[in-house]
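Residue-level listing of the chains:
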Amino acid sequence: MTTYEIFLVLAGLLIGSAIDAGADRYAREESWITGRSRCRTCDRTLNWYELVPLASWVISRGRCRTCHAPIGWSSPATELAGALIAVGAVFCAPPGLLTFTVLLGWLLLALAAIDFRTFLLPDGFNAAVLVLGLAMLAWARPTEWPLHFAGGALGFGLLWIVELAYRSLRGRDGLGRGDAKLLGAIGLWVGAYGIAPVLLIASLSGIAAALGLSLRESKMLSRQSAIAFGPWIALGGYIVWLLQAAPISLVGGAL
Ligand SMILES: [Zn+2]
């Protein structure tokens, strides 16, 4: 690994930490920028060494040092995801697109972290995935834009139709418009042929997560159960983007 690649993986830990804290503040409608991180139970301001990704969580065994309230899994999980996104990019990003790839992954992680908490995919983040995708096309694939624009239209159109159909059949919202916007923005990256694999991974992982949740909380999923779909679209989008470009030897070795 080059120095830049190691830097990206370490930066991924810090960015994961920032995304977890930012999504938490977004969900509580607090400012993203100002204010120090606090224990959510006893309101004590955390010291700098309590904010070191992963290590602080392991040392404190996942509890606040003052009130011993559990800190929860979201911060170490998001920090690890931020680093794994960079690891995946280092091994699988298309040639010359390492930086574009990690930025895409971290944007998708932020969308997932917010959607898990709020069932919302903010337009600003969806737009960032779209604009970064346009920049990627202009930079690396200037002649392939028709296939990628078709992917964007197909991704948005498919989920938009599902959203409208669900509402007219069931009389309530099933999918949010944000899901359609996200799949549209991802379609710009993965192209028209990438949409079906993204939806397949999103559906399977979303269903697996819903089953896992219902087992843990030992209750059946009802028709009213709310499950955020955005995180699974984001996961599928990143995996498909990486696999489309994965070196043949890597894919060949797995087959
Ligand atoms: Zn505390």
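Presented here is an overview of the structure given in this document.

Cut-offs applied
Residues numbered from 1 in each chain as written. Predicted model: local features only at pLDDT ≥ 70, side-chain atom pairs only at ≥ 80, totals over all residues. Heavy atoms only, no water. Axes fitted to C-alpha atoms, helices over the stretch in contact; angles between N-to-C directions. Helix = DSSP H or I, 4+ residues; strand = E, 2+ residues; numbered from the N terminus. Parallel < 35°, antiparallel > 145°, perpendicular 65-115°, else oblique. Left-handed = near helix turned anticlockwise from the far one by under 90°. Nonpolar A, V, L, I, M, F, W, Y, C, P; charged D, E, K, R; others polar. Contact = heavy atoms within 4.5 Å. Core = buried A, V, L, I, M, F, W, Y, C linked by side-chain atoms within 4.5 Å. Buried < 20%, exposed > 50% of the residue type's maximum accessible area, 1.4 Å probe, protein only. Domains from an automatic or database assignment. Polar contact = N/O pair within 3.5 Å; in protein donor to acceptor, adjacent residues only side chain to side chain. Donors = N, O, S within 2.8 Å, 3.2 Å for Na, K, Ca; no water. Phe/Tyr/Trp six-rings, centres within 6.5 Å; stacked < 30°, edge-to-face > 60°. Salt bridge = Lys/Arg side-chain N within 4 Å of Asp/Glu carboxyl O.

The subject of this paragraph is the packing of helix H1 (residues 3-27) against helix H4 (residues 98-118). The interhelical angle for the contact between H1 and H4, taken along N-to-C directions, is 25 degrees, at an axis separation of 9 Å. Overall, the two elements H1 and H4 adopt an arrangement that is roughly parallel. The hand of the H1/H4 crossing is right-handed. Partitioning the contact of H1 with H4 into residue classes produces 15 nonpolar, 4 polar and 4 charged.

Quick look at the packing of helix H3 (residues 74-92) against H4 now. The geometry of H3 relative to H4 is characterised by a closest axis approach of 9 Å and an angle of 155 degrees between their N-to-C directions. Regarding the angle of H3 to H4, the classification is roughly antiparallel. Crossing geometry of H3 relative to H4 is assigned as right-handed. Counted together, Ser-74, Thr-78, Ala-81, Gly-82, Ile-85, Ala-86, Ala-89 and Val-90 of H3 and Leu-98, Thr-101, Val-102, Gly-105, Trp-106, Leu-109 and Arg-117 of H4 form the full contact between these two elements.

Residues Leu-104, Leu-108, Val-129, Trp-189, Ile-233 and Trp-241 are the most contacted members of the largest nonpolar core, which totals 52 residues. If you list the elements that add at least two residues to this core, you get H1, H3, H4, helix H5 (123-140), helix H7 (177-190), helix H8 (195-216) and helix H9 (230-245). Looking at this core, the element that brings in the most residues is H4, giving 12 residues. When residues of this core are sorted by domain, at least three fall in each of domain 1 (1-92) and domain 2 (119-255). If sequence neighbours within four positions are ignored, Val-129 has contacts with Leu-104, Leu-107, Leu-108, Leu-111, Ala-185, Ile-186 and Trp-189.

Mapped onto the secondary structure, Ser-205 falls in helix H8. Exposure remark for Ser-205: the relative accessible area of 15% places this residue in the buried category. A polar contact is formed between the side chain of Ser-205 and the backbone oxygen of Ala-202, at a distance of 3.3 Å. With sequence-adjacent residues up to four places away left out, Ser-205 is seen in contact with Trp-232 and Leu-235.

Now for the coordination of the zinc ion. Looking at the zinc ion, the protein donor atoms are Cys-39 (SG), Cys-42 (SG), Cys-64 (SG) and Cys-67 (SG), and they sit 2.3 to 2.4 Å from it. Read in sequence order, the donor residues coordinating the zinc ion give the pattern C-x2-C-x21-C-x2-C. Of the two residues, Cys-42 is situated in the loop between H1 and helix H2 (55-59) and Cys-67 in the loop between H2 and H3; the sequence distance between them amounts to 25 residues. On the basis of relative accessibility, which here comes to 30%, the residue Cys-42 falls in the partly exposed class. Given the relative accessible area of 29%, Cys-67 is considered partly exposed.

So, on to unusual backbone geometry. What is expected of a backbone is that most residues other than glycine have negative phi and most peptide bonds are trans. With phi around 55 degrees, Glu-29 is a residue other than glycine that occupies positive phi space. With respect to the helices, strands and loops of the structure, Glu-29 is situated in the loop between H1 and H2. Notably, Arg-61 is not glycine yet its phi reads approximately 55 degrees, a positive angle. Summarising the element assignment, Arg-61 is placed in the loop between H2 and H3. Since its relative accessible area comes to 73%, Arg-61 is described here as exposed.

What follows covers the packing of aromatic side chains. All chains considered together, the criterion is met by 7 aromatic pairs. Judged by centre distance (5.6 Å) and plane angle (85 degrees), the rings of Trp-48 and Tyr-49 are edge-to-face. Exposure remark for Trp-48: the relative accessible area of 66% places this residue in the exposed category. Note on Trp-189 and Trp-241: the rings are 5.0 Å apart at their centroids and 85 degrees apart in plane angle, and the pair reads as edge-to-face.

Attention now goes to the environment of Gly-151. Position of Gly-151 relative to the elements: it lies in helix H6 (residues 145-170). Under the relative-accessibility criterion, Gly-151 is labelled buried at 0%. Note: C-alpha distance between Gly-151 and Trp-189 (38 residues apart in sequence) is 7.8 Å. Beyond its immediate sequence surroundings of up to four residues, Gly-151 is in contact with Gly-187, Leu-188, Gly-191, Ala-192 and Ile-195.

Let us now look at the pattern of salt bridges. Side chains bearing opposite charge may pair, as long as their charged atoms lie close to each other. A complete count under the given rule lists 8 salt bridges for this structure. Notably, a salt bridge pairs Asp-24 with Arg-117, separated by 3.2 Å at the nearest N-O pair. On the criterion of sequence distance, the pair formed by Asp-24 in helix H1 and Arg-117 in helix H4 is long-range, its members being 93 residues apart. On the basis of relative accessible area, Arg-117 is assigned to the partly exposed category, the value being 26%. Across the pair Lys-181 and Asp-123 runs a salt bridge whose closest N-O atoms are separated by 2.8 Å. A residue pair is termed long-range when its members are at least 10 positions apart, and Lys-181 in helix H7 and Asp-123 in helix H5 qualify at 58 residues. Overall, the relative accessible area of 33% leaves Lys-181 in the partly exposed class. A residue is classified by how much of its surface remains accessible, and Asp-123, at 47% relative accessible area, is partly exposed.

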